[in-house]
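Chain residues, written in single-letter form:
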Amino acid sequence: MIHTIKLYFPIEYYEVMDLQKRFNIIYTQLNDYFANYYDGKFKGGTLQISNKGNGQWKLYMFIDAILLLGKSDIMEDNYISLEQEIMNILWILFKHFLHFKHHILQRIDYRYDVVVEEKLHRDILLHLYQKLTKSHRYQKKYIGKLDAEGVFQKYETTVYHSSKSVQAVVYSKEEERLFKKEEIQEYEKNVLRFEVRILQDHINYMARQDKGNYRPKKLKEYMKEDVYRNYFRKYMSPIYHPGEFYKIEEARKRIRNSSLSDSNKNKLIEFLKQVSSHSIDTPLKSMTKATFRNRLEMLSQLGINPIPIPKNYPKAPNTLSNPLDKFLW
């Protein structure tokens, strides 16, 4: 459910001065000091103190929940444990944890991991995901990786649909580790990771009480199971599509054996040909959005994903399971 979170705590200037004195550091050295002395206990936490912006002193905390809790499946029931670990860090820093109740959530990354044993199958799926729509509402597609400066770099095993508020992402966790020259953890082996990243603009928007769907900027509110699933459905399901992946010939057989009219069968086969030639957006050059949605719905009812497996992809199977079918729809 949860991968990483970013939050901050308003703090007082005198607390920064006291912290510097107790640890014999300047506040900009806090993360290095904390990592050296406490990382064995609090893995996955990055700390920064700053008074940039409005001059208010803040402690920023970036947390890899998997590392901090030492477990790979972080669910709503783990909130108390996560809260306790964060308060333990605050106690070390300030000798109290009263700041926790005033924390402000800035970002949360939801995850759904699917083990796909065959590397060939993972590669095919990522190839197919590159044919997803180039944009949905404000989310635009990028093939690559977001670097520290916010620039996308070409990277074949990551597909982003990104806006200023939300990102929907799929990538090979093993390939990411290899790219970064990092150790592959046991729970990351053969994994395709799907993420919905909720960014600060969206969290701020949801905290506006004039919008009728108020959600406070608190970690607990965003760790609820229904919130997690709703975000996946809202930001993944319109972009990714249900149904198994088929080569054209296999899809044609399934369509021909269906109870659809001959006219609709021919229309669906032609639709798949158009998608196969380029991307899911290609049929929109010759049909209305309403017709497009109707084609997708008919394919969904037949259990056929609208993006065919390329017939010339080396050693590709005729059919391939959809990693999201057991979760998203």
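We now turn to the structure provided with this report. Everything numeric here is computed off the predicted structure, so don't read it as measured data.

As a further point, take the overall build of the protein. Within the protein, the secondary structure is distributed over 12 helices and 13 strands. Seen through its principal axes, the protein has C-alpha atoms that stretch 80 × 45 × 35 Å. Burial status across the protein gives 49% buried among its 329 residues. Put simply, of all contacts in the protein between residues at least 6 apart along the chain, 69% involve residues at least 24 apart. As displayed, the protein offers around 17,000 Å² of accessible surface, 47% of which is attributable to carbon and sulfur atoms. Between the centroid of the 54 positive side chains of the protein and the centroid of its 40 negative side chains there is a distance of 6 Å.

Overall, antiparallel pairing links the 9 strands, which are arranged E2-E3-E1-E4-E11-E10-E9-E6-E5 in an open sheet. Either end of the sheet is taken by a strand with one partner, and the two such strands are strand E2 (45–50) and strand E5 (135–136).

Let us look at helix H10 (residues 248–256). Looking at H10, one finds that the buried residues are Ile248, Ala251 and Ile255. For H10, the angular spread of buried residues about the axis comes to 65 degrees, placing them on one side. If you follow the buried residues of H10, they end up packed against strand E12 (245–246), helix H11 (262–277) and helix H12 (289–301).

Let's shift gears to the pattern of salt bridges. Applying the stated criterion across every chain, the model contains 18 salt bridges. Arginine 22 is the partner of aspartate 18 in a salt bridge, and the nearest nitrogen-oxygen pair spans 2.9 Å. Here the residue aspartate 18 and the residue arginine 22 both occupy positions in helix H1 (residues 13–23), the gap between them amounting to 4 residues, near one helical turn. Of the residues examined, arginine 22 reaches a relative accessible area of 31% and is grouped as partly exposed. Across the pair arginine 252 and glutamate 249 runs a salt bridge whose closest N-O atoms are separated by 2.4 Å. One end of the pair, arginine 252, and the other, glutamate 249, are both in helix H10, 3 residues apart, so they sit about a helical turn from each other. For arginine 252, a relative accessible area of 21% translates into the label partly exposed. Taken together, the shared-partner salt bridges in this structure form one network comprising Arg111, Asp113 and Arg193.

About the thresholds
- Residues numbered from 1 in each chain as written.
- Predicted model: local features only at pLDDT ≥ 70, side-chain atom pairs only at ≥ 80, totals over all residues.
- Heavy atoms only, no water.
- Helix = DSSP H or I, 4+ residues; strand = E, 2+ residues; numbered from the N terminus.
- Buried < 20%, exposed > 50% of the residue type's maximum accessible area, 1.4 Å probe, protein only.
- Contact = heavy atoms within 4.5 Å.
- Areas by Shrake-Rupley, 256 points an atom, 1.4 Å probe, with all protein chains shown as cover.
- Lys, Arg positive; Asp, Glu negative; His and termini not counted.
- Charge placed at Lys NZ, Arg CZ, Asp CG, Glu CD.
- Pairing = 2+ DSSP bridges.
- Arc of directions from axis to C-beta.
- Salt bridge = Lys/Arg side-chain N within 4 Å of Asp/Glu carboxyl O.

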